[in-house]
Amino acid sequence: MRNIVLFGPPGAGKGTQSEFLVNHYGLVHLSTGDVFRFNIKNGTELGKLAQSYMDQGKLVPDEVTISMLKEEVEKSAEAKGFIFDGFPRTTSQAEALDSFLNERGDCIEAMVALEVPENELTTRLLARAATSGRADDADPEVIQNRIDIYNAETAPVAEFYKRAGKYKAINGLGTIKDITERLVSAIDV
Ligand code: AMP
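Residues numbered from 1 in each chain as written. Predicted model: local features only at pLDDT ≥ 70, side-chain atom pairs only at ≥ 80, totals over all residues. Heavy atoms only, no water.

(A) Broad picture of unusual backbone geometry. With an omega of 0 degrees, the peptide bond running from Phe87 to Pro88 counts as cis. When you line up the elements, Pro88 lands in the loop between β3 (82–85) and α5 (91–103). (Helix = DSSP H or I, 4+ residues; strand = E, 2+ residues; numbered from the N terminus.)

Following this line, the structure appears as structure tokens:
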């Protein structure tokens with residue numbers, strides 16, 4: 001299996017780049033944010049729980065997110081691998097993902113991290129709000145909360161993959177195509 005973590009702050013371009021990587025490598029895209037939004041749209045219990053956190057730009061609790069992620073991986077038994085987008089977002093999630101994959105005889109091949117300056121993130125998210133329809137993109141306070149939580153809880157996850165020699169930083173500024181090319185060359189080394 002070929003499992004890649006696409007990492008970066010909110011607005012770094014993970015969703016956009018995932019589409020290209022999924023086609024290029026024939027992998028399954030697993031975005032925890034998308035799964036939560038699907039559940040919200042369908043009014044499930046998971047959706048109701050997730051929404052209260054997402055509306056405020058907070059992280060959904062680890063145990064809920066981890067068990068949902070495992071179920072999603074198990075649904076795609078035939079997958080050649082996954083692009084994990086928006087997961088892991090805490091060190092506990094990274095550890096849980098590692099043991100889960102190890103139990104299946106798999107592992108994470110690389111974490112590719114899109115680096116984008118903070119002021120650019122806010123600009124991108126506010127612009128995206130017009131088309132995404134996402135309430136968490138439209139409110140500058142919620143955006144700031146998401147960025148602060150990223151810095152406090154999610155950025156340290158990079159250390160986990162650095163220690164394992166699997167971390168690759170990618171410049172997230174430029175055209176979509178330029179960034180895809182950088183990602184592909186980092187993954188293919
Ligand atoms: P995203 O679509 O990745 O921007 O995620 C949108 C929101 O979903 C986040 O702000 C969190 O509230 C929630 N979320 C997505 N992925 C995770 C995760 N791995 N852990 C906790 N919460 C998450």
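Next comes the rest of the description.
(B) How the structure looks around the site of the ligand. Neighbouring the ligand are 15 residues; Thr32, Arg37, Lys58, Gly86 and Gln93 lie closest to it. For the ligand, an oxygen atom lies 2.6 Å from a polar atom in the backbone of Lys58. Look at the ligand: alone it shows 480 Å² of surface, and the protein chains cover 96% of it. It is helix α2 (residues 32–41) that contributes the most residues to the shell around the ligand, 4 residues altogether. (Near = heavy atom within 4 Å. Polar contact = N/O pair within 3.5 Å; in protein donor to acceptor, adjacent residues only side chain to side chain. Areas by Shrake-Rupley, 256 points an atom, 1.4 Å probe, with all protein chains shown as cover.)

(C) Structural detail: helix α8 (residues 140–154). With 15 residues, α8 extends 20 Å between its outermost C-alpha atoms, agreeing within 8% with the 21 Å of an ideal straight helix rising 1.5 Å per residue. Within the span of α8, buried status applies to Val142, Ile143, Arg146, Ile147, Ile149, Tyr150 and Thr154. For α8, the arc enclosing every buried residue in end-on projection is 160 degrees, short of the 170-degree limit, so these residues lie on one face. The exposed residues of α8 that point more than 90 degrees off its buried face are Pro140, Glu141 and Ala152. Its buried side turned inward, α8 meets β1 (4–7), α3 (45–54), α6 (118–132), α7 (135–138) and α9 (157–163). (Expected span 1.5 Å × (residues − 1). Buried < 20%, exposed > 50% of the residue type's maximum accessible area, 1.4 Å probe, protein only. Arc of directions from axis to C-beta. Contact = heavy atoms within 4.5 Å.)

(D) Broad picture of the pairing of β3. Neither face of β3 is exposed, since Phe82 and Phe84 on one face and Ile83 and Asp85 on the opposite face are all buried. Relative to β3, β1 runs parallel, the two sharing 3 bridges. Its bridge partner lying in β3, Ile4 is registered against Ile83. (Pairing = 2+ DSSP bridges.)

(E) The packing of helix α1 (residues 14–25) against helix α10 (residues 176–188), seen in detail. At a closest axis distance of 10 Å, the pairing of α1 and α10 adopts a crossing angle of 50 degrees. Considering their axes alone, α1 and α10 lie oblique with respect to each other. Crossing hand, α1 versus α10: right-handed. Of the residues in α10, those in contact with Thr16, Gln17, Phe20, Leu21, His24 and Tyr25 of α1 are Ile176, Ile179, Thr180, Leu183, Val184, Ile187 and Asp188. (Axes fitted to C-alpha atoms, helices over the stretch in contact; angles between N-to-C directions. Parallel < 35°, antiparallel > 145°, perpendicular 65-115°, else oblique. Left-handed = near helix turned anticlockwise from the far one by under 90°.)

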